[in-house]
Amino acid sequence: MDISEITTSSSVNGGGEVLQMNELGFFPNVENLTAQIEKLDTQEPKHRSLLESSYEVKVTRVDDEPLLSVTKFEELNLGPDLLKGIYEMGFTTPSKIQAKALPLLLKKPPQNMIGQSQSGTGKTAAFVLTMLSRIDFNLKSPQALCLTPSRELARQIMVEVRKMGKYTPVITAEAIRESHIRGNRSRHEEFAEAQLIVGTPGTVYDLLKKHVIEKKHMKIFVLDEADNMLDQQGLGDQSIRIKNMMPRECQIVLFSATYSSEVRTFATRFAPNANQFSLKVEELSVKTIKQFYMDCKNEDHKFEVLDDLYTLLTIGQSIIFVQKRETADRIAKRMTEKGHKVINLHGGLSTTERDEVMDGFRKGSAKVLITTNVLSRGIDVLQVNLVINYDIPMDLSGRNPDYETYLHRIGRTGRFGRSGVSINFVHDPVSWEVVKSIEKHFQREIVRVPTDDWDVVEKVLRKEVNN
Ligand SMILES: Nc1ncnc2c1ncn2[C@@H]1O[C@H](COP(=O)(O)OP(=O)(O)OP(=O)(O)O)[C@@H](O)[C@H]1O
């Protein structure tokens, strides 16, 4: 392909335009950056409250009763012990997904749910509250089970469970690979009493099979990041096997920010007769996350740009996503050699190392985290105001965009109405085409920032990040 003239069949900037190679590489010259950024600024007011936010959610109900949406947590008939926990967490008002989904989730008899809402909008609290309110605290046996794709997310959800359930007598257990030498209590003892379990599918399946986790009293089964958990190429088999072990009357609750159409079809079989929440594709990306790209000349230049970015700019807390573990290790090593303080997390580390790295990042003792897709979903660190896609997320072929992963990755910033910035590094025609496809798919502009004018970059980022 002649990369000096790339024709896009359609783009959000207008279809069929011819994009000229610029002086730095292959990529189009954005005529007036300032104008572009000003245009972005007018798209959505900053810090719009989530409750007031304009995105539309389509609700498909299993019964004909009018849709009840609450404005206060008190309207949900939760026990005073749960309300106390919620308020202590600083949750004064339910978010949109909580306001609409909780009345359906808490219904008696229970109904299944396939829930969707944008990243960082409070889906966790919706299913955690449901799990906690379904438990009979007098019965010391597993009653609520939540599966997640990563140990980091399982641990994070458990923190939310323990905060929310602080004033309840709930007994909890994490079903993730063990990272410590166990004390006197065996896993058998721990799980025999645990009422609410959060874990990853491999470990949960193992514990169910060995009857360490008893299943007969299970009342609610939750899949967080459900599209990922049902993915037939990945965790789908294990999730299905686990679901088949649950009692028939168990409530099935699925939540994610994304569902491809195939996965949604499968989800409706997995959770039959479910109330469904769905978002239009153009509503999927959070408006307070500004999306940029930097056109690098080649793979090596990407590293130079990264080094410059962290040398010349003051950046708060940030996550750099790469496609492979080896890249994470390599970039971390090179950044450290350049004097940057970075940490690195991927599936090749031991569980203890993973926990230490994540805990350090959450505490803020480390500001720059280099990682793979293992942390692309669900991780909630409110201070993260910049996400860098050092490698653009692509499918296994390495040529096509992985739209869902893109959305989840950039969703690690801009949590719960906060503003955030994402920067995509493009370095060849494939990565450029992929970024253009992503822009077109989500119908949200991805604006070029230069790699050679750091004053402009600083101005742009400072403006967005400090807002
Ligand atoms: N009602 C609320 N009031 C204030 N803060 C809230 C409320 N609900 C959730 N939050 C906070 O918002 C942040 C994002 O919530 P959460 O992690 O549940 O998002 P999510 O929708 O699950 O995102 P993702 O799709 O990335 O997993 C968390 O820090 C959470 O504590």
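Residues numbered from 1 in each chain as written. Predicted model: local features only at pLDDT ≥ 70, side-chain atom pairs only at ≥ 80, totals over all residues. Heavy atoms only, no water.

(A) Spatial organisation of unusual backbone geometry. In this model, Lys108 is joined to Pro109 through a cis peptide bond whose omega is -10 degrees. Tracing the chain through its elements places Pro109 in the loop between α3 (96-105) and β4 (113-116). Even without being glycine, Gln443 reaches a positive phi, approximately 55 degrees. Tracing the chain through its elements places Gln443 in the loop between α15 (429-442) and β17 (447-448). (Helix = DSSP H or I, 4+ residues; strand = E, 2+ residues; numbered from the N terminus.)

(B) Spatial organisation of the domain arrangement of the protein chain. Under the domain assignment, the protein chain is made up of domain 1 (3-49 + 284-465) and domain 2 (57-279). Contact with domain 1, which involves 24 residues of that partner, is made by 24 residues of domain 2. Both faces considered, domain 1 and domain 2 share a buried interface measuring about 2100 Å² in area, 50% of it formed by carbon and sulfur atoms. The interface formed by domain 1 and domain 2 includes 6 salt bridges. Inspection of the region where domain 1 meets domain 2 yields 13 residue pairs in polar contact (both at pLDDT 80 or more). Elements supplying a minimum of two residues to the side of domain 1 that touches domain 2: α13 (351-363) and α14 (403-410). Among the elements that make up the side of domain 1 that touches domain 2, the one with the highest residue count is α13 (7 residues). Each residue belonging to the side of domain 1 that touches domain 2 can be placed in one class, and the counts come to 9 nonpolar, 6 polar and 9 charged. (Domains from an automatic or database assignment. Contact = heavy atoms within 4.5 Å. Buried area = accessible area lost by both parts, 1.4 Å probe. Salt bridge = Lys/Arg side-chain N within 4 Å of Asp/Glu carboxyl O. Polar contact = N/O pair within 3.5 Å; in protein donor to acceptor, adjacent residues only side chain to side chain. Nonpolar A, V, L, I, M, F, W, Y, C, P; charged D, E, K, R; others polar.)

(C) Here's a closer look at helix α11 (residues 299-312). Its 14 residues place the ends of α11 20 Å apart at the C-alpha level, agreeing with the 20 Å of an ideal helix rising 1.5 Å per residue. Inspection of α11 places His301, Lys302, Phe303, Val305, Leu306, Asp307, Leu309 and Tyr310 among the buried residues, and these make up the whole buried set. (Expected span 1.5 Å × (residues − 1). Buried < 20%, exposed > 50% of the residue type's maximum accessible area, 1.4 Å probe, protein only.)

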